[in-house]
Amino acid sequence: MAFGEHTDPQIISVLRSNGAPGLEISLRDGAWASVPHDGDGDSFFVNVGDTLQVLTNGRFRSVKHRVVVNSEKSRVSMVFFGGPPPGERLAPLPALLGDGGRSRYREFTWKEYKGSGCKGRLADDRLCRFEN
Ligand SMILES: O=C(O)CCC(=O)C(=O)O
Ligand SMILES: [Fe+2]
């Protein structure tokens, strides 16, 4: 099984797999890098979601990732997605803007985010609608 490129929408994702390879992250130059897989299955992959990128005003980046097929070992993973409640208003935290800092995103609700923009393609950038 494969999983196309995407960013996770929520605040944080905590992933545990059976140690099979396949998970890759997209680097700034567009290349894909394999996430080290732990044969013992003792490690977690912690991923910043789109919402945390907004809360930190872009300081933490929601990195695009994907899973590629592998014929050697089946990959099984379980992910916890920590996200906000539907009516929650999301915007960069004032403490992270600093004096006179520019907010890169306008305020929006989680419900708005999960609305029409999420009906597009998996790989779509869903934050651009909220950029200032
Ligand atoms: O199974 C994996 O390794 C990745 C799954 C994933 O990226 C997701 O569920 O958002
Ligand atoms: Fe994901």
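On a predicted model such as this, the values are computed, not experimentally measured, just so you know. (Residues numbered from 1 in each chain as written. Chains lettered and ligands numbered in written order. Predicted model: local features only at pLDDT ≥ 70, side-chain atom pairs only at ≥ 80, totals over all residues. Heavy atoms only, no water.)

1. Side note on the pattern of salt bridges
(1) Moving on: This model, assessed by the stated rule, comprises six salt bridges.
(2) Moving on: The salt bridge partner of Lys64 is Glu5, with a shortest N-O separation of 3.4 Å. In this pair, Lys64 sits in the loop between helix H1 (50–55) and strand E6 (65–67) while Glu5 sits in strand E1 (residues 3–6), placing the two residues 59 residues apart along the sequence.
(3) Moving on: The class for Lys64 is partly exposed, based on a relative accessible area of 29%.
(4) Moving on: In this structure, the salt-bridge partner of Glu24 is Arg66, at a minimum N-O distance of 2.8 Å. Taken together, the residues Glu24 in strand E3 (residues 23–26) and Arg66 in strand E6 connect sequence positions 42 residues apart.
(5) Moving on: Overall, Glu24 belongs to the buried group, its relative accessible area being 13%.
(6) Moving on: You can call Arg66 partly exposed: its relative accessible area is 24%. (Salt bridge = Lys/Arg side-chain N within 4 Å of Asp/Glu carboxyl O. Helix = DSSP H or I, 4+ residues; strand = E, 2+ residues; numbered from the N terminus. Buried < 20%, exposed > 50% of the residue type's maximum accessible area, 1.4 Å probe, protein only.)

Everything listed here is a matter of coordinates, which is why it stays silent on function.
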